[in-house]
Amino acid sequence: MKIKYVISDDCIILENLNPDDFNIKDTFECGQCFRWEKTDRQDGYSGIAHGKKLIVQQNEDYITLHCNEKDFLHIWQYYFDLDTDYDEIKERLRKDDIMNKAICSAPGIRILNQELFETAVSFITSSNSNIKRITRNIKDLCTLLGQPIGDGYYAFPTVEALSNADICTINQCRAGFRCDYIHSSANMIKNMSDSFNKERYIEMGYEETKKELMRLKGVGNKVADCIILFAGISSSAFPTDVWVKRIMQNLYIKKEVTLDYVSKYGRDKFGDLAGYAQQYLFHYARNNAVHK
DNA sequence: CTCCAGGATAAAC
DNA sequence: GTTTATCATGGA
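Just so we're clear, the structure is a prediction, and the values are computed from it rather than from any experiment. All chains use their own residue numbering, which begins from 1 and follows the written sequence. Labels follow written order: the first chain is A, the first ligand is 1, and so on. Under the rules for a predicted model, residues below a pLDDT of 70 receive no local features and side-chain atom pairs below 80 are neither given nor counted, while totals for whole chains, interfaces and linings still include all residues. Values shown for side chains rest on all heavy atoms present in the structure; no hydrogens or waters enter the calculation.

Engineer: Just to check I follow, could you spell out the domain arrangement of chain A for this structure?
Structural biologist: Interface extent is often summarised as the accessible area lost during association of the parts. Bear in mind that the domain bounds are from an automatic or database domain assignment. Domain boundaries in chain A define domain 1 (4–83) and domain 2 (116–230). Taking the mean C-alpha position of each, domain 1 and domain 2 sit 24 Å from one another. Should any heavy atoms of two residues lie within 4.5 Å, those residues are counted as being in contact. Of the residues lining the interface, eleven residues belong to domain 1; the matching set on domain 2 comes to 17 residues. Throughout, the accessible surface (probe 1.4 Å) given up by two parts as they are put together, summed over both, is called the buried area. Approximately 1200 Å² of surface area, both sides summed, lies buried where domain 1 meets domain 2, with 61% of it carried by carbon and sulfur atoms. A per-residue breakdown of the area domain 1 buries against domain 2 is headed by Phe34, Arg35 and Lys53, which together make up 52% of the total. What counts as a salt bridge is simple: a side-chain nitrogen of Lys or Arg found within 4 Å of a carboxyl oxygen of Asp or Glu. For the pair domain 1 and domain 2, the interface holds two salt bridges. The salt bridge partner of Asp151 is Lys53, with a shortest N-O separation of 3.9 Å.

What follows is the structure in C-alpha cells.
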C-alpha cells in the first residue's frame, strides 16, 4: 500500500492509514528506539532525530506529523520507512501459522531508519540492560552532551562531543560499565572518519558490515545485528536476544540450542525479511509471557 | 536479601 | 575454538 500524505497548516497528514498499517505506540515502544515518549495529549508522542523534535499523533485512520514539508521529505519520510510496502512484507511472512500469530499481535510495527551513530551508541548501552533503563541512560546522555534544541529537548551527542567528553561526564548517564564502551567506540569512530558511513555499509552488505562493526568496543554479535537492522543498513539481520531465543526454541526449533544457532536459523529461514520477522516475534514473545 | 535485565569482554580451559 | 566470571545499576 502506497502511503498518501497531504500538507496541512503546520503539519503533514498521513491519510487512510489505520493502526494496522502503522501503529505509533508499537513502533516507538518495541525496543528499537529510545528517544520517543508519550506527550500529555492522548495518542501523541514526541521524539528527536537528526537534531529535530517531532510530535506525532495517531487517530483512527490518519497520523499527524507536526513538521513542515521540507523536513518531512528530507527526514521523516525515510525515518518512518514510509516507502516500504509492509503489506507485501507481512503477506510474504504469513506463510506459516506461527508468524501469522506474531504479526497479528502487532501488525502496525514499522522498522525505523535511525541515524547510524545514535543507533550504535544506543545498542552499546543496551547490553545486559532493559528498555526502561536504556531509555533513561540515553536521555541523560543527550542532556549531558547533546546540543539543546529548545523546550528542554536535546539532540543526540555528536561523535566529537562523546569522544572529547571526560569519562566522568559520560558516567553521569548511569550506564555503568557500558560508559567505557561508549567512550572508546566514539573515539574509534572519530578515527574512522568518513568510513563509518551508512551508505558505505549498505554497499558493503551484511557480512562485511557486521565484521567491521564488531571491532567497536561493546559491539558483539547481537548489538551489531541491532545496529544493522535499526539503522536501516540491512533487513536480513536477525538480532537474537534471550526473548527471541526463547520464542524460536519454543515455536520453531523445539529444543534447547545456542544463541548463534538461533541467529543463523532465523537468517536462513526468513532471508531478506529476517529483521521484520524478528520484530514481530520479539513483540509477540514479550507480550505473551513466553516461558524460559 | 537475591536474582535478573534486548550482552560483551578477557581470561581460563 | 569454547566455556566462565565479571562488569554497574536499578527494579522486582
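Structure's up, so let's keep going.
Engineer: Any chance you could explain the layout of surface pockets here in plain terms?
Structural biologist: Empty space among the atoms can be located by rolling a probe the size of a water molecule over them. Think of a 1 Å grid over the protein atoms and nothing else: a 1.4 Å probe that fits but is trapped marks a cavity, an open set flanked by protein within 12 Å on at least five of seven lines marks a pocket, and residues with an atom within 4 Å of a point count as lining. Grid points are joined across faces, edges and corners, and a volume is the space filled by probe spheres set on the points. For the largest pocket, the calculated volume is near 600 Å³. Surrounding the largest pocket, 28 residues form its lining, Ser126, Asn128, Ser129, Lys222 and Asp241 being those nearest its centre. Numbering goes from the N terminus for both helices and strands, where a helix is a DSSP run of H or I of at least four residues and a strand is a run of E of at least two. Mapped by element, the contributors of at least two residues to the lining of the largest pocket are helix 6 (131–145), helix 12 (221–230), helix 13 (242–253) and helix 15 (274–286). Among the elements that take part in the lining of the largest pocket, helix 12 stands out by supplying five residues, more than any other. Any residue outside Ala, Val, Leu, Ile, Met, Phe, Trp, Tyr, Cys, Pro, Asp, Glu, Lys and Arg is labelled polar, Gly included; the first ten of those are nonpolar and the last four are charged. Considered class by class, the residues forming the lining of the largest pocket number 13 nonpolar, twelve polar and three charged.

Engineer: Help me understand the pattern of salt bridges, please; the structure alone is not making it clear to me.
Structural biologist: Opposite charge on two side chains lets them pair, provided their charged atoms get close. Summed over all chains, the structure comprises 13 salt bridges. Close ionic contact of Asp97 with Lys101 constitutes a salt bridge, the shortest N to O distance being 3.9 Å. Linking Asp97 with Lys101, this pair stays in helix 4 (residues 97–105), spanning four residues, or about one helical turn.

Engineer: Would you explain the packing of aromatic side chains in this entry?
Structural biologist: Each pair of aromatic rings taken from Phe, Tyr and Trp, with Trp reduced to its six-membered ring, is defined by centres within 6.5 Å and is described as stacked if the planes are under 30 degrees apart, edge-to-face if over 60, and tilted in the remaining cases. Inspection of every chain in the model, using the stated rule, returns 20 aromatic pairs. An angle of 80 degrees between the planes, with centres 5.3 Å apart, marks the rings of Trp76 and Tyr79 as edge-to-face. Highlighted residues: Trp76 and Tyr79, both in helix 2 (residues 69–79), separated by three residues, approximately one helical turn. Trp76 gets classed as buried once you look at its relative accessible area, which sits at 1%. Looking at Tyr79, the relative accessible area reads 3%, which means it is buried. Through a chain of ring-to-ring contacts, three or more aromatic side chains come together here, namely Phe22, Phe28, Trp36, Tyr45, Trp76, Tyr79 and Phe80. Here, over-ring charges are defined by two tests on the NZ atom of lysine or the CZ atom of arginine: distance to the ring centre within 6 Å, and angle to the ring normal within 35 degrees. Over the ring of Tyr206 we find Arg267, and its NZ or CZ is 3.7 Å from the ring centre. Over the aromatic face of Trp243 sits the side chain of Arg286, whose NZ or CZ is 5.9 Å from the ring centroid. Residue burial is assigned from relative accessible area. The probe radius is 1.4 Å, only protein chains are included, and a residue is buried under 20% of its type maximum, exposed over 50%, and partly exposed in between.

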